[in-house]
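# Remarks on the overall topology
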Amino acid sequence: MFFSKMTEFMNYSQQAIQAARYIGQGFIVTLDHMNRLPMTIQYPYEKLIPSERFRGRIHFEFDKCIACEVCVRVCPINLPVVDWELRKTMKKKQLKSYSIDFGICIFCGNCVEYCPTNCLSMTEEYELSTYDRHELNYDQIALSRLPISIVEDSTIEIISNLTSLSKRVMEGHSNSRNVTNSSN
Ligand code: SF4
Ligand code: SF4
């Protein structure tokens, strides 16, 4: 009886010591994370460069558009509004206005892909928030505005994304928090 109680107590103590050891190891590993440089991208002072094929706000060139409406047919929600009239003398469609509502657009890029004259293109612009949802309905003038380039903005620090970094570099901050450094 006495021995079985003793064994039970010893087992219990061993398990308690093991558990304490696990907690201690966990603490050490967690504390070690404090030595690492944070990977936070400090928006809006730091911004990540969107990748080459980023699907941001659509850019539209009025002069190139032939009012074929392909962009409307391939759009999952038939979104672009193409207003045109037939010029009988020229036997040609004349584009009157063109608009896309970015409150509804899902930025899939189908319209850009299928436009026969390449008058639509995707930009790297993603800061499109407004207070009034009607302001998201971009007409041809708003759509033809050149995108604001993150790279050309001298007030912010730009951070390269993972795909544009060289081999073994995992993170784009200028003070080089990469695989080679972290192993030092
Ligand atoms: S990006 Fe997609 S959802 Fe937006 S207008 Fe083009 S086809 Fe339509
Ligand atoms: S597919 Fe291109 S050319 Fe045709 S209506 Fe749309 S934007 Fe214009």
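The protein has the name NAD(P)H-quinone oxidoreductase subunit I, chloroplastic in an unreviewed UniProt entry, where Diplophyllum taxifolium is given as its organism. As recorded by UniProt, the Sequence similarities (unreviewed entry) comment attached to the protein reads in full: "Belongs to the complex I 23 kDa subunit family."

### A closer look at the pairing of strand E3 (residues 81-87)
The two faces of a sheet get side chains in turn, since along a regular strand they alternate between them. Sheet topology places E3 next to strand E4 (residues 92-101); seven bridges connect them, and they run antiparallel. In the sheet register, leucine 86 faces E4, and the bridge partner there is lysine 93. Connecting E3 to the antiparallel partner E4 that follows it, the hairpin turn spans four residues, and lysine 91 within it adopts a positive phi of roughly 50°.

### Details of the confidence of the model for the protein
Residues of the protein with pLDDT of at least 70 account for 95%, and the chain-wide mean is 91. Taken together, the stretch residues 179-184 has pLDDT below 50 and engages in five contacts with residues farther than four places along the chain or on a different chain.

### Description of the packing of aromatic side chains
Per the counting criterion, the structure on display carries five aromatic pairs. With a centroid separation of 5.9 Å and an interplanar angle of 70°, the aromatic rings of phenylalanine 54 and tyrosine 126 are classed as edge-to-face. With phenylalanine 54 in the loop between strand E1 (46-48) and strand E2 (58-60) and tyrosine 126 in the loop between strand E5 (120-122) and strand E6 (137-138), the pair connects residues that are 72 residues apart, well separated along the chain. With a relative accessible area of 28%, phenylalanine 54 lands in the partly exposed category. On the numbers, 4.9 Å between centres and 80° between planes, the contact of phenylalanine 102 with tyrosine 138 is edge-to-face. Of this pair, phenylalanine 102 sits in the loop between E4 and helix H3 (110-114) while tyrosine 138 is found in strand E6, placing the two residues 36 residues apart along the sequence. The exposure class assigned to phenylalanine 102 is buried, which follows from its relative accessible area of 6%. Of the residues examined, tyrosine 138 reaches a relative accessible area of 11% and is grouped as buried.

### Re the UniProt feature "binding site: [4Fe-4S] cluster 1" (unreviewed entry) in the protein
The residues that UniProt annotates with the feature "binding site: [4Fe-4S] cluster 1" (unreviewed entry) are Cys65, Cys68, Cys71 and Cys115. The annotated residues occupy 51 residues of the chain but converge on a single region, no pair of C-alpha atoms lying more than 10.5 Å apart. Considering the arrangement of structural elements, one finds cysteine 68 in the loop between E2 and helix H2 (70-74). Taking the relative accessible area as the measure of exposure, cysteine 68 reaches 22% and is therefore partly exposed. Look past the residues within four positions of cysteine 68 in its chain and what remains in contact with it is Arg73, Lys93 and Pro116. Residue position: cysteine 115 is located in the loop between H3 and E5.

So, how was this worked out
- Within each chain, residue numbers correspond to sequence positions counted from 1 in written order.
- Here the convention is simple: chains get letters from A, ligands get numbers from 1, in the order in which they are written.
- In keeping with the model being predicted, local features are shown solely for residues with a pLDDT of at least 70 and side-chain atom pairs are shown and tallied solely at 80 or more, while totals for entire chains, interfaces and linings include all residues.
- Working from all heavy atoms in the structure, the side-chain values ignore hydrogens and water.
- UniProt positions are given in the numbering used here, feature names are shortened, and annotations may be inferred rather than shown by experiment.
- When DSSP finds at least two bridges between two strands, those strands are taken to pair.
- What counts as a helix is a DSSP run of H or I of at least four residues, what counts as a strand is a run of E of at least two, and both are numbered from the N terminus.
- pLDDT measures how confident the predictor is about each residue, on a scale from 0 to 100.
- Here, two residues are considered to be in contact whenever any of their heavy atoms come within 4.5 Å of each other.
- Ring pairs shown here join Phe, Tyr and Trp side chains whose ring centres sit within 6.5 Å, with only the six-membered ring taken for Trp; geometry is labelled stacked below 30 degrees between planes, edge-to-face above 60, and tilted in between.
- Here the term buried applies to any residue with accessible area under 20% of the maximum for its type, exposed to any over 50%, and partly exposed to those in between, with areas from a 1.4 Å probe on protein chains only.

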